[in-house]
Every structure is written in C-alpha cells, then in structure tokens.
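Structure at a glance
Chain by chain, the residues:
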Amino acid sequence: MRLLPLALGEPQRGSPRHLPYCNSAPLLLLLLLGGCLGVSGAAAGSRRPNVVLLLADDQDEVLGGMTPLKKTKALIGGMGMTFSSAYVPSALCCPSRASILTGKYPHNHHVVNNTLEGNCSSKSWQKIQEPDTFPAILRSMCGYQTFFAGKYLNEYGAPDAGGLAHVPLGWSYWYALEKNSKYYNYTLSINGKARKHGENYSVDYLTDVLANVSLDFLDYKSNSEPFFMMISTPAPHSPWTAAPQYQNTFQNVFAPRNKNFNIHGTNKHWLIRQAKTPMTNSSIQFLDNAFRKRWQTLLSVDDLVEKLVKRLEFSRELNDTYIFYTSDNGYHTGQFSLPIDKRQLYEFDIKVPLLVRGPGIKPNQTSKRLVANIDLGPTILDIAGYNLNKTQMDGMSFLPILKGASNLTWRSDVLVEYQGEGRNVTDPTCPSLSPGVSQCFPDCVCEDAYNNTYACVRTMSEMWNLQYCEFDDQEVFVEVYNLTADPHQINNIAKSIDPELLGKMNYRLMMLQSCSGPTCRTPGIFDPGYRFDPRLMFNNHGSVRTRRFSKHL
C-alpha cells in the first residue's frame, strides 16, 4: 500500500497533486538575476538535465558495503562511472552531510559533530549556511524543482531550532525525518507539518516510504522545469531493522577478517590503543550480527534504486537525468579491535562509495581520481550550468571527469578533519579510562573522546599514496601511513619517514585547515605547481609552527 502525504490546501499550478508544495522565488525573478545557462557543452536553450542524489547512511566502501547492492551497481555503476577514491572530509553524519549541502570543509561550515552545540541543524546553521546550499541555488537561480525525502541532519526537528516547522530554504517539496535514522516509529516533517508513523511494514517502513513518495513526485511534478531529487535513506544505519522479506538473508555472512581485524592498534592514538585485544567472543558475535543486519537493510535501498530507474525510464526521462549514489561516511566492524562505529581517520571510516550515471557518461567506467563529497555540490551546479565562481564552495566540479576530459589538471590531496565528542570528566562506569571518553561499550571499549580531535591530509598522486594526521591532544600525536605498502594502515611511519617530507605535509595540513574557496584547491606537495617555503614553518619566535584546531561554536 502506497503512502501519500496530505496536501496543504490546494496544490500550486504544476505541482504534484498529492505532494505539498513550498513556495520559492518566482521564475521571472531568477531570470532577471541571471540564473543558469545550461550544462557544459549543451546547446543554447536546451533543457537542463535532471539530477538525483541518493545518500545512504553509514555505508562503507572498504569492507564490502556495496556487495548487497547488485541492482544499484548494475543500474548506476554499470551504466556510468564508479569512483574508487571517494572520501568524506569528516567521518560523522552531520558534519559530512553539511559538507555535501554546502560544498565546504567543516572548518568553513562550522558543523563539528551531531549536536546542536556542534552546530548540527542549529539556528546558526539555518541562518548562515542553509541559504547558500547548492539546492537553494538550484531552486532560486536555476529554476529547478527540488525534492527532499529522508534523513536531513541529525538534530533536524529539535524544538530549540525551530522544530519540524522549519523547512530549509531551497526545497520545493520537503519530506524530512525528525532527527536520526529509524525504520519504524518515527515522525516526518511534510513541508513543516508533523506526521507520525508506526510499525506497520506496509505503510511505515521508512525506506519504502521514501521510495513511494519519490515515485509520486515523479508522477505529479511539473514537466516544464528540470528537477533535483535528494533521497536520504536510513540504511544501513542502526538500529539495522530489515524489511520482513530480507530478515533471513546473508546468514553465512560475517564481518571481513582482514589484516587489521581484531588486532591491537600499536603506535596509534591512545583512543585506538585502549581497545581490548583480542576481542571477546561476545563482542565478535555482536559485530558479526550488526554487519549482517546492515547488509539486510541495504536490500530495500537496492529495490528503491531499481524502482526509481524504471520509473525514469518509463517516463522517458532517464537519458536526461544524472543519478549519483554515495554515503555520508564509512564504518568499521572490528578493525583495530574497535567494535562498531565510524569517526576514525582510517580508510574504512573516511572512504565511501560513489557511483554516477547520466548524459555523456560512458558505461562501466572506473575513475581513480581523488574526489570528496564537497565536490558533489559544485558538480551538480555545473550540470545545471551555474557559474561556480559565484559560490564560496571549497570543492570542485568533477563533471569533466564524468565526461572523459583529457589532459585534466586535478587535485592530489583532500583534508579530513574531526572534532571528538565527549566531556572532560571520567565515565563512572569506566573509572580506569581517561576523562572525556564517549560512545563506550559495556566492556569499556570507547569509540570516541573529547580529544579524539584530528586533521589529516589524504594524498594520492602517481608516486605517492599517503595519509598524514595530527591530533589536538597533549601528545600532539602524529600518524602517517604509506597506503601503497600498507593498505590496512597497520604501521604508523611517523618516526621513520623523511623529516623533510614530514615537514612539508605538516605545512600542507596547516594550509588546508585554514583554506577557503579557491585556496582549498591549490597544488598539493607532489604537484608540479607546489611551492614550499620552509621559513613559513616557523613562527616569529623561531619555534616550529603547530597545527591549530577550531573549537566548538
């Protein structure tokens, strides 16, 4: 049974009959302001392409997170391009999602964690950042119909930040989940009006609800304007509630026993070293079960993708539509004896799937180019024909990569930054641990701490595949990995790497952490255009300059 949201009064002309509509800037006004000229290379006056962005929640790439999505891989990756080096600038939901929407690194959008105090869907975020998100630009300047369904930001709907009545600027149709991912017993904001859902699979299972309302939008939208859809599924985020028909699948699947599974994190930050090795049998059983359930929830996402592609094909709009599939962050299950979570600096948490199909993209391609989710906004605006020089985004459009451009100059590094959650007090249930830990399991293995605050340069070039990280703690701890020789990041080479290279990476980190807009796209240390002045490594007192970390708002 299909769930249809109730209309708020009479529908606007050209809007879906069953979907409520949010008023936005009149088309005449945006034309007077300049608007968008059309996708690069498109004929003058031609219809701008449609765009669909599918966003999973906590789906890894390194540990096989795409394995259950056979239809998605065939329908998007097989018909387009798969990126093998796609990263997030912060391995946590709210900061990463803010980076997708704004095209900015966390130090520029100031969302540092999943709390209101960390600027997650706060009034400050709503006032300063939401007006300049790429969907807002698509709607106000390019005349796109914009549709959102699913999880927005973790604190969306909080009473102290406008509650569910708040509808962010730029969305024509708003169908957003209150706070964090759930599958049943949740509340949605339908253009600012709350609707509660129960636990009846046929009408309440959130992934299917998102699929149905998305299909309704495609049925009843206006055909006179291009559209942008952002569908943000709860899967595979906890509580990992699979649809009934999938609850017995993958019974013989276990979390991967790769080289960094259930080993001690030697020569790593203290938070990693505190994990108990070997893990108990009960801990391993728990994470195996979680891994299996995560895959089960993704099968409904695979169904959603198939339904969406078939509907676009039926309406003869598929060939004019770009479809992106990605995740907000990765995940780990037992790596370095950490049970389950994200937040860490390692590949399994910061690397995500990214698949794209659309006009002009050849099928079944793989790109090794280094991309980040701050590039999604610029790429989609580029597709719409918007002048990216008018934005304040840190990312860059990878549309030329999708179109197969030759002799393309591209980046060789991206910034990863995270501000740890926790208070500077001792957990009474784990008195032997240092103050400030959080996300702790019953056996006092903790996944986060207030000084689990770090910044990294992730570098990929023809000659080098490196990660350099610094922590904001009393140790000023440094981790460096050569991922060509050590893809599982077992050996921290900070004390054995060439000191000159270490100094260059330290300086590059400081440059990126203070970058904004174009300065975030300057040449990396292995690029031909890079210039390093060692005098800049020292402050006025002659001592080595150290990395500065931003604090909570």
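Residues numbered from 1 in each chain as written. Predicted model: local features only at pLDDT ≥ 70, side-chain atom pairs only at ≥ 80, totals over all residues. Heavy atoms only, no water.

Regarding the UniProt feature "modified residue: 3-oxoalanine (Cys)" (unreviewed entry) in the protein chain
Per the UniProt record, "modified residue: 3-oxoalanine (Cys)" (unreviewed entry) is annotated on Cys93. Checked against the element boundaries, Cys93 lands in helix α3 (residues 93–102). With residues near it in sequence (within four places) discarded, Cys93 still touches Asp57, Asp58, Asn114, Lys151, Asn154, His237, Asp328, Asn329 and Lys342. (UniProt positions renumbered as here; feature names shortened; annotations may be inferred. Helix = DSSP H or I, 4+ residues; strand = E, 2+ residues; numbered from the N terminus. Contact = heavy atoms within 4.5 Å.)

Some details on helix α10 (residues 281–314)
Here α10 is 34 residues long and its end C-alpha atoms lie 50 Å apart, about the 50 Å a rise of 1.5 Å per residue gives. Residue Arg316 follows α10 closely and has a positive phi angle near 60 degrees. (Expected span 1.5 Å × (residues − 1).)

Side note on the confidence of the model for the protein chain
On average, residues of the protein chain score 90 in pLDDT, and 88% of them reach the 70 mark or higher. Counting contacts from residues 39–44, a segment whose pLDDT is below 50, to residues more than four positions away or on other chains yields eleven contacts. Every residue in residues 539–547 is under pLDDT 50, and counting partners more than four places away or in other chains gives 16 contacts. (pLDDT = per-residue confidence, 0-100.)

A closer look at unusual backbone geometry
Between Ser238 and Pro239 the backbone carries a cis peptide bond, its omega angle lying at 15 degrees. Within the chain, Asn267 stands out as a residue other than glycine whose phi angle is a positive 60 degrees. Note on placement: Asn267 falls in the loop between β8 (227–232) and α9 (270–273).

Some words on the sheet that holds strand β5 (residues 173–177)
Whether parallel or antiparallel, the strands of a sheet pair through hydrogen bonds between backbone atoms. In space, the ten strands of this open sheet follow the order β7-β6-β5-β4-β8-β1-β9-β12-β2-β13, with mixed pairing throughout. The open sheet terminates on both sides in strands that have one partner only, identified here as β7 (193–196) and β13 (365–367). Averaged over neighbouring strand pairs, the angle between their axes works out to 15 degrees when direction is ignored. Pairing analysis gives five bridges linking strand β4 (residues 145–151) to β5, with the strands arranged parallel. Its bridge partner being in β5, Phe147 is matched across the sheet by Tyr173. Of the strands in this sheet, β1 (50–56), β4 and β8 touch α3, which is tilted by about 170 degrees from β1. Contacts between helix α6 (residues 134–142) and the sheet are confined to β1, β4 and β8, with β4 contributing the most and set at about 155 degrees to the helix. (Pairing = 2+ DSSP bridges. Axes fitted to C-alpha atoms, helices over the stretch in contact; angles between N-to-C directions.)

Some remarks on the pairing of strand β18 (residues 454–460)
Side-chain direction in a regular strand flips from residue to residue, so the side chains alternate between the two faces of the sheet. In terms of burial, β18 is largely enclosed, as six of its seven residues are buried. Linking two consecutive strands that pair antiparallel, namely β18 and strand β19 (residues 465–471), is a turn of four residues. (Buried < 20%, exposed > 50% of the residue type's maximum accessible area, 1.4 Å probe, protein only.)

Considerations on the packing of helix α8 (residues 206–220) against α10
For the pair α8 and α10, the least separation of the axes is 9 Å and the interaxial angle reads 10 degrees. Relative to α10, α8 is oriented roughly parallel. Here α8 contributes Thr207, Asp208, Leu210, Ala211, Ser214, Leu215, Leu218 and Asp219 to the contact with α10, which in turn contributes Ser300, Val301, Leu304, Lys307, Leu308, Arg311 and Leu312. The residue inventory of the contact of α8 with α10, partitioned by class, reads eight nonpolar, three polar and four charged. (Parallel < 35°, antiparallel > 145°, perpendicular 65-115°, else oblique. Nonpolar A, V, L, I, M, F, W, Y, C, P; charged D, E, K, R; others polar.)

Some points on the sheet that holds strand β15 (residues 413–418)
Within the open sheet, the four strands sit side by side as β15-β18-β19-β20. Their pairing is antiparallel. Edge positions in the open sheet fall to β15 and β20 (478–482), since each of these has one partner strand only. In this sheet, neighbouring strand axes are inclined to one another by 10 degrees on average, regardless of whether the strands run parallel or antiparallel. Note: β18 against β19, seven bridges, orientation antiparallel. If you follow Thr459 over to β19, its bridge partner there is Leu466. Across the face of the sheet, helix α14 (residues 499–513) comes into contact with β15, β18, β19 and β20 while running at roughly 70 degrees to β19.

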